[in-house]
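Summary of the model geometry
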Amino acid sequence: MSFSARLLGWYDRSARVLPWRIAPGRAEVPDPYRVWLAEVMLQQTTVAAVAGYFAHFTERWPTVADLAAAGDAEVMAAWAGLGYYARARNLLACARAVVAEHGGCFPDSEAGLRALPGIGAYTAAAVAAIAFGRPAVVVDANIERVIARHRCIETPLPAAKRAIRDALAPLVPGDRPGDFAQALMDLGATLCTPRAPVCARCPIAADCRARGRADIERLPVKPPKKARPRRHGVAHWIERDGAIWLVQRPGKGMLGGMRALPGGEWSDEPPGESGIVRVDHGFTHFDLTLVLVRRETADAAAEGIWWPISDLDAAGLPTLYRKLVVKMLERDA
DNA sequence: GAGACGTGGAG
DNA sequence: TCTCCAAGTCT
């Protein structure tokens, strides 16, 4: 039996049930908007983390036109806590481009999708395959791992991407390419896991070159990690009449475009003053220690908004600031 | 190609 | 506690 037949047979029996997925065998037609939204949310983000956000977004903005008509602030606030906030900025830009330049319908080709904001090689291929049945070569981190092991590719990532893609391309079936891609991702997420893969239940183990190797977990080979430096910052708690002063961070860079507590630039050295509350927060490429100090007044020139303390959940603060606020309120309590 | 860019869960 | 890392994209 062919690679894709074995894989799809397994998928028909074992596909995960996910809110954005149409179960294999159902005649239902996928909604490209929902497929795209899920794919963007799932970039570098776990299924568990995405589920609630996906439900909220699709309920509040059922179509791409609804999303395109939404305001920047409400979309950024709805994304708060999910991370990688450039995705939210690009999400909105993409929705607006689909409405303005494509009459509200997503392009049905990989190239057309790839040209939209926030849609890279992976997402373009995934949407083309899943939403439009195009035989695109979908390669994400799961699929890289599955193929690197199946072919025993020893080249370290990211240089191995070419070999992985070349190995996968001839395996993509003309029929059910979307299920094929999702099957490989499910396989990587549930059986061909980074650690302790379950080869005994793998549908493609028969011809897997890494099966049985004691060092199968070594594949795919990845470059060594770099140490994360620690940085420091000060945030200001400016309170008046049961409200606190919130600002919006610059459109680019860390937490770009997100609502935040005001404060100084982050630095490599600890600040002179010690705060009343402190949080340690890990980002991808550095750890941050942020201290909170009271201030009586905001910068006269600064743009911002007085936000009721009783309704801070609705402010859409990223996790860093939410942690600080929670600690501050616990302290006062 | 390499670095920037979040967060929370698992082992 | 600590490291790894999850359906990547952009510059």
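Residues numbered from 1 in each chain as written. Chains lettered and ligands numbered in written order. Predicted model: local features only at pLDDT ≥ 70, side-chain atom pairs only at ≥ 80, totals over all residues. Heavy atoms only, no water.

Things to note about the packing of helix α9 (residues 141-150) against helix α11 (residues 177-190)
- Contact geometry for α9 and α11: axes closest at 8 Å, N-to-C directions at 80 degrees. Classified by the interaxial angle, the pair formed by α9 and α11 is roughly perpendicular. In this structure, α9 contributes N142, I143, R145 and V146 to the contact, and α11 contributes A181, L184, M185, L187, G188 and A189. (Axes fitted to C-alpha atoms, helices over the stretch in contact; angles between N-to-C directions. Helix = DSSP H or I, 4+ residues; strand = E, 2+ residues; numbered from the N terminus. Parallel < 35°, antiparallel > 145°, perpendicular 65-115°, else oblique. Contact = heavy atoms within 4.5 Å.)

Brief notes about the domain arrangement of chain A
- Partitioning chain A into domains gives domain 1 (3-218) and domain 2 (230-332).
- One C-alpha centre belongs to domain 1, the other to domain 2; they are set 35 Å apart.
- Taken together, the contact between domain 1 and domain 2 spans eight residues of the former and 13 residues of the latter.
- Buried area between domain 1 and domain 2, summed over both chains or domains, comes out near 690 Å², and the portion from carbon and sulfur atoms is 58%.
- Counting the surface domain 1 buries against domain 2, the share from its top three residues, M76, Y85 and R89, is 54%.
- Taken together, the connections running from domain 1 to domain 2 amount to zero salt bridges.
- On the surface where domain 1 and domain 2 come into contact, there are three residue pairs in polar contact (both at pLDDT 80 or more).
- In terms of residue count, the dominant contributor to the side of domain 1 that touches domain 2 is helix α5 (residues 72-79) (three residues).
- In terms of residue class, the side of domain 1 that touches domain 2 is made up of six nonpolar, one polar and one charged. (Domains from an automatic or database assignment. Buried area = accessible area lost by both parts, 1.4 Å probe. Salt bridge = Lys/Arg side-chain N within 4 Å of Asp/Glu carboxyl O. Polar contact = N/O pair within 3.5 Å; in protein donor to acceptor, adjacent residues only side chain to side chain. Nonpolar A, V, L, I, M, F, W, Y, C, P; charged D, E, K, R; others polar.)

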